[in-house]
Amino acid sequence: MSCIDCSPIEPVEDEGDLKFRPCTGPLVATLRAEGYTVEEVQDAGKITYGSREELLRLLERLDRLQQELGLQLSVSLKGRTGRGLVERWLALEQLKVRFTSENLIAIIANHNFCSHMQPIVDFNEAIVGFELLLRPLPGSASFKPYELFEIARQTGFHSFLDRAARISAIETSSKLLPKGIKRFVNFLPSSIYNPKYCLTHTFEAIRRLDQIPGDFVFEVVETEKIAHIPHLQDIFSEYRKQGLLVALDDVGAGYSTVEVMTSLRPDYVKIDRGLISFCDQDDAKQLIIRDIMNRAWDCGAKVLAEGIERREEFLFCRDIGMDLGQGYLLGKPSDKPPAHFGHIA
């Protein structure tokens, strides 16, 4: 199985061919009656366009026709130069979003992003690791990471972006961090269709840069969208075969329940920032936090408190035996190498 969504994003050329399917008789007849030259190729229709404006008008017309005829059209573009390693089919709606979000698509296609590092500390306040977070390149267009990933999802490029972000995190950490320091790298389980194939680039990057596999902790995000736990178990298994560690993010929020944690048995459990915020003043939150900690320890996992912004939160987590902490109180994301790895200032 190939991971087509991981292919490079080709630019939309001003001249080329648009293919669409299903290529139904009524749809073809209507387009031809309106003056379009439609060639039927295997199971698809093909229309040549000569300018970007002409392509946009064609997409709008196809959108109206699919609604009138009760269709769900998929489309594929091929420019005049014939570039492109694969024939990428997108839902018509996905291609329309791509045209309305060209600035964000350009950021994804051109890799105009980098990785910043936010410190993770133990409760002696010594830095033991960093989470790698996607940020804009200095001097390039700004973006919010969640918006970038959402546009990538809507346009079918989230696997490409997720892989590129993982590689960026590995490369950045190899340049700025000494061996022996943990590096937490996010990944989207929905972007990994076949773990044996889709993760090979990640493993190759770690080997190419002569990094220690056990320094990397791959952290699953969007756990609220996980519908098939066995698939995520397969992903975790593939990471572990390579000597890497895994973490479950946002435990205690949404559908990232302790039951999911027990099924997956991660190496690290990160407690959602919503539970940590003002936890020193909230008895209900304290009960939930203690329950998560006990279950995580039963699974052999270390527990990390996310989003620590107040000293009182830090002290409470320390006093109940939390393993690790992360948050603005302890350090903000930065593209600069840390000055030291002892105690935080």
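Colleague: Help me get a handle on the sheet that holds strand E13 (residues 324–325), residues and values and all.
Modeller: Spatially, the 8 strands close up into a barrel ordered E6-E7-E8-E9-E10-E11-E12-E13, and their pairing is mixed. One ladder, built from 4 bridges, connects strand E9 (residues 216–220) with strand E10 (residues 245–251); its direction is parallel. Pairing of phenylalanine 218 across the sheet is with valine 246, part of E10. Each of strand E6 (113–122), strand E7 (127–136), strand E8 (182–187) and E9 is contacted by helix H6 (residues 158–176), which is oriented at about 60° to E6, the strand it contacts most.

Colleague: Help me get a handle on the pattern of salt bridges, residues and values and all.
Modeller: Pairing between side chains of opposite charge can happen when their charged atoms approach one another. Overall, the coordinates contain 25 salt bridges when judged by the stated rule. The salt bridge partner of arginine 295 is aspartate 291, with a shortest N-O separation of 3.2 Å. Placement of the pair is arginine 295 and aspartate 291 together in helix H12 (residues 283–298), with a separation of 4 residues, close to one helical turn. Taking relative accessible area as the criterion, arginine 295 reaches 33% and is therefore assigned partly exposed.

Colleague: Lay out the environment of aspartate 234 with the relevant residues and their values.
Modeller: By the element assignment, aspartate 234 lies in helix H9 (residues 229–241). Exposure remark for aspartate 234: the relative accessible area of 47% places this residue in the partly exposed category. Expressed as a C-alpha distance, the spacing of aspartate 234 and threonine 262, which sit 28 residues apart in the sequence, is 15 Å.

Here is what the cut-offs are and how they apply
- Each residue is numbered by its place in its chain's sequence as written, counting from 1.
- Residue-level local features of this predicted model are given only where pLDDT is at least 70; pairs of side-chain atoms are given and counted only at 80 or more, and the full residue set underlies all totals for whole chains, interfaces and linings.
- Heavy atoms from the whole structure form the basis of all side-chain values; hydrogens and water molecules are not counted.
- Two strands pair if DSSP finds at least two bridges between them.
- Only DSSP runs of H or I reaching four residues or more are called helices, and only runs of E reaching two or more are called strands; each is numbered from the N terminus.
- The contact definition used throughout considers only heavy atoms, calling two residues in contact when any of these lie within 4.5 Å.
- Note on method: axes are straight lines fitted to C-alpha atoms, helices fitted across the in-contact stretch only, with angles between N-to-C directions ranging 0 to 180 degrees.
- By convention in these notes, a salt bridge is any Lys or Arg side-chain nitrogen within 4 Å of a carboxyl oxygen on Asp or Glu.
- Exposure categories follow from relative accessible area, calculated using a 1.4 Å probe and restricted to protein chains: below 20% of the type maximum is buried, above 50% is exposed, and the middle band is partly exposed.

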